[in-house]
Amino acid sequence: QVQLVESGGGLVQAGGSHRLSCAADSRRSMGWFRQAPGKEREFVAGISWSGGTTYYTDSVKGRFTISRDNAKNTVYLQMNSLKPEDTAVYYCAAQKVPWTTVVGRTPLDFGSWGQGTQVTVSS
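Structure report, in brief. One numbering rule holds for all chains: residues counted from 1, following each sequence as written. Totals for whole chains, interfaces and linings use all residues, but because this is a predicted model, local features are given only for residues with pLDDT of at least 70 and pairs of side-chain atoms are given and counted only at 80 or more. Side-chain metrics in this entry use all non-hydrogen atoms of the structure; hydrogen atoms and water are not considered.

### Thoughts on the pairing of strand β11 (residues 117–122)
Consideration 1: When a residue's accessible area, from a 1.4 Å probe over protein chains only, is under 20% of the maximum for its type it is buried; when over 50% it is exposed; and in between it is partly exposed. Helical segments are the DSSP runs of H or I of at least four residues, strand segments are the runs of E of at least two, and each set is numbered from the N terminus. Of the two faces of β11, only the one carrying Thr117, Val119 and Val121 is buried; Gln118, Thr120 and Ser122 on the other face are not.
Consideration 2: In short, DSSP must find at least two bridges between two strands for them to pair. Bridge analysis of strand β2 (residues 10–13) against β11 gives four bridges, and the strand direction is parallel. Considered in β11, the bridge of Gln13 is made with Ser122.
Consideration 3: As paired strands, strand β9 (residues 88–98) and β11 are joined by three bridges and run antiparallel to one another. Directly across from Ala88, in β11, lies its bridge partner Val119.

Next up, the structure:
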């Protein structure tokens, strides 16, 4: 089982850009979730194991891009036009079922999680 490790969190000004990385499982669809204080963990973006299918939550469509490089076992989340409401701990996760083009969008679909990385967007 691949250990997932996120990197790239930090403090960003509103309107700025930032990229998160995660050591990924190349056999599985991967997802990014986030959790703000006092809120439930929410799906942000997901990508199939091949990279051919992606999904985004409505609030980040057009601003965030998920991608992966299976040769490097890495998945990325490029975040542009950041807003203060994007402030959260961001988690990457590997889907339970390998080798499927289906991309889960709930935490129950994912079996492995990283430790999380804080992204803070200042206004």
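More follows now that the structure is in view.
### So, the packing of aromatic side chains
Consideration 1: Under the pairing criterion, centres of Phe, Tyr and Trp rings, with the six-membered ring standing for Trp, must be within 6.5 Å; the plane angle then separates stacked pairs below 30 degrees from edge-to-face pairs above 60, leaving the rest tilted. Counted under the stated rule, the structure contains five aromatic pairs.
Consideration 2: Relative to Phe110, the ring of Phe33 has its centre 5.2 Å away and its plane inclined at 80°; by these criteria the two rings are edge-to-face. Highlighted residues: Phe33 in strand β4 (residues 28–35) and Phe110 in strand β10 (residues 110–113), separated in sequence by 77 residues.
Consideration 3: Judged by relative accessible area, Phe33 falls into the buried class, the value being 0%.
Consideration 4: Taking the relative accessible area as the measure of exposure, Phe110 reaches 3% and is therefore buried.
Consideration 5: Each residue in the set Phe33, Phe43, Phe110 and Trp113 is aromatic and connected to the rest through ring pairs, giving one cluster.
Consideration 6: Whether a charge sits over a ring depends on NZ of Lys or CZ of Arg being within 6 Å of the ring centre and within 35 degrees of the ring normal. Residue placement shows Arg41 over the ring face of Trp113; its charged tip is 4.9 Å from the ring centre.

### Focus on the environment of Leu82
Consideration 1: Position of Leu82 relative to the elements: it lies in the loop between β8 (74–79) and β9.
Consideration 2: The buried category is assigned to Leu82, whose relative accessible area is 2%.
Consideration 3: Remark: the alpha-carbon pair of Leu82 and Phe43, spanning 39 residues in sequence, is separated by 17 Å.
Consideration 4: The contact criterion used throughout is that any non-hydrogen atoms of two residues lie within 4.5 Å. Not counting the four nearest positions on each side in its chain, Leu82 is found in contact with Val12, Ala14, Gly15, Gly16, Ser17, His18, Arg63, Phe64 and Val121.

### Things to note about the nonpolar core
Consideration 1: Membership of the largest hydrophobic core comes to 24 residues, with the highest contact counts inside it found for Trp32, Leu77 and Tyr90.
Consideration 2: At the level of elements, β3 (18–23), β4, β5 (42–47), β7 (64–69), β8, β9 and β11 are the ones that each hand at least two residues to this core.
Consideration 3: A total of four residues in this core trace back to one element, the largest contributor, which is β9.
Consideration 4: If we ignore the near neighbours within four places in the chain, the residues touching Leu77 are His18, Arg19, Leu20, Trp32, Val44, Ala45, Phe64, Thr65, Ile66 and Tyr90. Throughout, nonpolar core names a set of buried Ala, Val, Leu, Ile, Met, Phe, Trp, Tyr and Cys residues whose side chains join them through atoms within 4.5 Å.

### Quick look at the side chain of Ser21
Consideration 1: Mapped onto the secondary structure, Ser21 falls in strand β3.
Consideration 2: Using a relative accessible area of 16% as the deciding quantity, one classes Ser21 as buried.
Consideration 3: Dropping the residues within four chain positions of it, Ser21 is found in contact with Val5, Glu6, Ser7, Trp32, Thr74, Val75 and Tyr76.

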